[in-house]
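Close look at the chain arrangement
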Amino acid sequence: MQISETTTLEPLSEHHTEPVFNLIQQNREQLRIWLPWVENMNEITDFQNFLNGARQRVADKLAVAFFIRHEGKIAGNIGLYHIDHQNKIAAIGYWLGEKFQGKGIITIACRKITDFGFNELNLNRIELKCGTSNHKSQAIPERLGFTKEGILRQAELLNGNFHDLYLYSMLKQDWEKRL
Ligand SMILES: CC(C)(COP(=O)(O)OP(=O)(O)OC[C@H]1O[C@@H](n2cnc3c(N)ncnc32)[C@H](O)[C@@H]1OP(=O)(O)O)[C@@H](O)C(=O)NCCC(=O)NCCS
C-alpha cells in the first residue's frame with residue numbers, strides 16, 4: 001500500500017526477517033526503552049518466531065500489520081492489533097528506526113491505518129496507548145485528533161518496572177467528521 005511518494009506499507013512476509021531484525025539490532029537501545037518485546041529478541045530465530053506468530057495472528061484476523069519501507073529501505077512497523085470483532089475495537093502500535101524519525105512517516109501511516117480500520121475492517125473504535133513519558137509517541141494521536149481518555153495505571157511492564165500509559169481513542173463517527 002503506497003502511503004506517500006516515498007513510503008509504502010508491506011504485509012509481513014518471511015523475506016522481512018533479516019532486514020527487520022537488522023533494523024531492530026541497530027536501534028535496540030532506543031526501542032527497548034518503550035517496547036517490551038525487544039528484550040526477548042536477541043537472536044534472529046527469536047525474531048523469526050515472533051514474525052511467525054504475528055503472521056498467524058494476521059491470518060486469524062486478530063491483527064493487520066505492515067512493515068514500512070521508506071525510500072527503498074525497511075524503516076519500521078505499524079499495525080492494528082488485538083482486533084475485537086464483537087465490539088469492533090482495535091489498537092494501533094508502531095515503531096521506527098531512529099534515522100527514519102522526524103519525517104512524519106508514522107503520522108501519515110497512522111492516518112492511513114485508521115482509515116483502513118474504519119473503512120475496510122468496519123471498526124467503531126481505535127485505541128492507541130503510549131507511555132506517559134513517551135512524548136514523541138503521544139504527539140501522533142494528538143496530531144491526528146484522537147481523544148485522550150485517561151491514564152492506565154502500571155499497565156505495561158518494561159525492563160522490570162511497571163509504567164503508566166495514556167489511553168487515546170478515535171471513534172468512527174468522529175473520524176468521519178474530520179474528513
Ligand atoms: C514513536 C515514534 C514512532 C515517533 O516517531 P516520529 O518520527 O516522531 O513520528 P512521525 O513519523 O509521525 O514524525 C513526526 C516528526 O516528524 C516531523 N514532521 C516532518 N514532516 C512531517 C509531516 N509531514 N507530518 C507530520 N510530522 C512531520 C514532526 O515535526 C515530528 O518531528 P518532531 O518530533 O521533531 O517535532 C518513534 O519515536 C519510535 O519509534 N520510538 C520508539 C518506539 C515507540 O516508542 N513506539 C511507540 C510505543 S507507544
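Procedures and definitions
- Residues numbered from 1 in each chain as written.
- Predicted model: local features only at pLDDT ≥ 70, side-chain atom pairs only at ≥ 80, totals over all residues.
- Heavy atoms only, no water.
- Salt bridge = Lys/Arg side-chain N within 4 Å of Asp/Glu carboxyl O.
- Helix = DSSP H or I, 4+ residues; strand = E, 2+ residues; numbered from the N terminus.
- Pairing = 2+ DSSP bridges.
- Axes fitted to C-alpha atoms, helices over the stretch in contact; angles between N-to-C directions.
- Left-handed = near helix turned anticlockwise from the far one by under 90°.
- Contact = heavy atoms within 4.5 Å.
- Nonpolar A, V, L, I, M, F, W, Y, C, P; charged D, E, K, R; others polar.
- Near = heavy atom within 4 Å.
- Polar contact = N/O pair within 3.5 Å; in protein donor to acceptor, adjacent residues only side chain to side chain.
- Areas by Shrake-Rupley, 256 points an atom, 1.4 Å probe, with all protein chains shown as cover.
- UniProt positions renumbered as here; feature names shortened; annotations may be inferred.
- Buried < 20%, exposed > 50% of the residue type's maximum accessible area, 1.4 Å probe, protein only.

Labelled according to an unreviewed UniProt entry, the chain appears under the name GNAT family N-acetyltransferase, originating from Adhaeribacter terreus.

Some points on the pattern of salt bridges
Following the criterion strictly, the structure yields 7 salt bridges and no others. With a closest N to O distance of 4.0 Å, Arg32 and Glu29 form a salt bridge. Placement of both Arg32 and Glu29 in helix α2 (residues 28-34) is noted, with a separation of 3 residues, approximately one turn of the helix. Among the ionic pairs, Lys177 bridges to Asp174, the shortest N-O distance being 3.5 Å. One end of the pair, Lys177, and the other, Asp174, are both in helix α6 (residues 172-178), 3 residues apart, so they sit about a helical turn from each other. Here the salt bridges do not stand alone but share partners, grouping Glu29, Arg32 and Glu39 into one network.

A look at the sheet that holds strand β2 (residues 64-70)
Reading across from one edge, β1-β2-β3-β4-β5-β7-β6 is the order of the 7 strands in this open sheet, with mixed pairing throughout. In this open sheet, the two strands that pair with only one neighbour each are β1 (7-11) and β6 (147-158). Averaged over all neighbouring strand pairs, the angle between strand axes comes to 30°, with direction disregarded. For strand β4 (residues 89-96) and strand β5 (residues 125-131), the ladder comprises 4 bridges, and the chain directions are parallel. Note that in β5 the partner of Ala90 across the bridge is Ile126.

Some points on the packing of helix α1 (residues 17-26) against helix α3 (residues 44-59)
The interhelical angle for the contact between α1 and α3, taken along N-to-C directions, is 115°, at an axis separation of 10 Å. Of the two possible hands of crossing, α1 and α3 adopt the one that is right-handed. In this structure, α1 contributes Thr17, Glu18, Val20, Phe21 and Ile24 to the contact, and α3 contributes Ile44, Phe47, Gln48 and Leu51. Partitioned by chemical class, the residues of the contact of α1 with α3 number 6 nonpolar, 2 polar and 1 charged.

Considerations on the site of the ligand
Inspection of the region around the ligand gives 20 residues, with Leu96, Gly102, Ile106, Thr107 and Asn134 positioned closest. Between the ligand and Gly104 there is a distance of 3.0 Å, counted from an oxygen atom to a backbone nitrogen or oxygen. Here an oxygen atom of the ligand sits 2.8 Å away from a polar atom, N or O, in the side chain of Asn134. Isolated, the ligand exposes 930 Å² of accessible area, and the fraction of that covered by the protein chains is 72%. When residues of the shell around the ligand are traced back to their parent elements, those giving at least two are α2, β4, α4 (105-119), β5 and α5 (135-143). Tallying contributions element by element places α5 first for the shell around the ligand, with 4 residues. Its residues placed into classes, the shell around the ligand shows 10 nonpolar, 6 polar and 4 charged.

Brief notes about the UniProt feature "domain: N-acetyltransferase" (unreviewed entry) in the chain
UniProt records the feature "domain: N-acetyltransferase" (unreviewed entry) for residues 7-172 in the present numbering. The span residues 7-172 is 35% helix and 37% strand, and its two end C-alpha atoms sit 25 Å from each other.

As for the environment of Phe100
With respect to the helices, strands and loops of the structure, Phe100 is situated in the loop between β4 and α4. C-alpha of Phe100 to C-alpha of Trp37: the two residues are 63 residues apart in sequence and 20 Å apart in space. Ignoring any residue separated from it by four or fewer positions in sequence, one finds Phe100 in contact with Leu23, His70, Lys73, Ile74, Ala75 and Ile105.

Brief notes about the environment of Ala90
Along the chain, Ala90 falls in strand β4. For Ala90, a relative accessible area of 1% corresponds to the buried category. Residues Ala90 and Leu62, spaced 28 residues apart in sequence, show a C-alpha to C-alpha distance of 8.9 Å. Setting aside its immediate chain neighbours within four residues, Ala90 contacts Leu80, Tyr81, His82, Ile83, Leu123, Arg125, Ile126 and Glu127.

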